[in-house]
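Topology and contacts: notes
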Amino acid sequence: MYLAWKLSLRGHKVTVFEKKERIGKKACSGLFSERILEFIPESRKLIQNEISSVLIHFPKKTLKIDFSRKFLVMNHFDLDNMAAGLAEKAGAEILLNNPVSVMPRGFEKIIGCDGPDSFVRRNLGLKNPDYRLAIQGFIPKEDSSNHVETWPEEEGFIWKIPRGGETEYGIIAAPKQAKSLLEKFLKENELKLEREEAGLVPQGFIIPFHSSITLCGDATGLTKPWSGGGVIWGLMAAQLLLKNFPDFLKYRKELKKAFRGKIILSKIATRAAYLLGFKAPWLLPKNLKIEGDFLT
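Residues numbered from 1 in each chain as written. Predicted model: local features only at pLDDT ≥ 70, side-chain atom pairs only at ≥ 80, totals over all residues. Heavy atoms only, no water.

1. Concerning helix H5 (residues 178–188)
- Taken together, the buried positions of H5 are Ala178, Leu181, Leu182, Phe185 and Leu186. End-on view of H5: buried residues confined to an arc of 130 degrees, all on one side of the axis. Exposed residues pointing more than 90 degrees away from the buried face of H5 are listed as Lys184, Lys187 and Glu188.
- In the core, the buried residues of H5 are packed alongside strand S7 (130–139), strand S8 (147–153), strand S9 (156–162) and strand S10 (167–173).
- Backbone geometry just after H5 places Glu190 at a positive phi near 55 degrees. (Buried < 20%, exposed > 50% of the residue type's maximum accessible area, 1.4 Å probe, protein only. Helix = DSSP H or I, 4+ residues; strand = E, 2+ residues; numbered from the N terminus. Arc of directions from axis to C-beta. Contact = heavy atoms within 4.5 Å.)

Here it is as structure tokens:
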């Protein structure tokens, strides 16, 4: 929707094929750094809470990480619809209930923004990314705390997010383990969730070498290795695409340059933190400060 909005503003004729009957992603915590306001200033009105730190509860030590830039709690569904409204106002055509089962014809350029199980990616014969499963739910308890809490698990973590009018709990972990790990945590803490949603979270870096077809967002697997968050990274990729449009090969080159090193370093940092947290927690400092989109 962001690409449709910006490309339409430039005078391009844009058609969006949306497989669902309604716009909006439900299975997402909507925890974005304040950088989101640089991309969609109008989203300021959607802020439900502001987050300045995270508590990471390892079995024998709690680590507090302060964010150099605040994180904002928003409803992802509402953000998607806001972006869709901006795209339509700029002239984009959005076709609802239109799943893509063959590559659309009659278009000069095709951008696959079709999620973790991207048809466009599969149609190009590209490999799939690795997947984790995210599950979220809510309890009707007001909480406007300025920090989130996490409990590391193998290949992921359980989270608690204060959303102002309610509290969210969830997990991201290996698909076969996520549900049982979350259920165990909920039972131990006597919690019962409402409105549960689940979705796959891709991890990889898959971009085609093609002059008229490319990928953006979750279709590339471009998500943060430590948290699974992909909105800000996806918007940054979209900016690079807009900068280089219609040269998809130059976009591919700049995307690799911008993110490949960040992905490698953040994977190493995440594994090191988990290793120390579980095996040698005394080596971890009690407090750290980072820029949450890049672990810097």
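From this point, the discussion proceeds with the structure in view.
2. Focus on the environment of Val102
- Relative to the helices and strands, Val102 resides in the loop between strand S5 (93–95) and strand S6 (110–112).
- Look at Val102 and you get exposed, because its relative accessible area is 60%.
- A C-alpha to C-alpha distance of 8.4 Å links Val102 and Asn123, two positions 21 residues apart in sequence.

3. What to know about the pattern of salt bridges
- A full pass over the atoms with the stated rule returns 16 salt bridges.
- Across the pair Arg122 and Asp117 runs a salt bridge whose closest N-O atoms are separated by 3.3 Å.
- Between Arg163 and Glu168 there is a salt bridge whose closest N-O contact spans 2.8 Å. No difference in accessibility class separates Arg163 from Glu168, as the two residues are buried. (Salt bridge = Lys/Arg side-chain N within 4 Å of Asp/Glu carboxyl O.)

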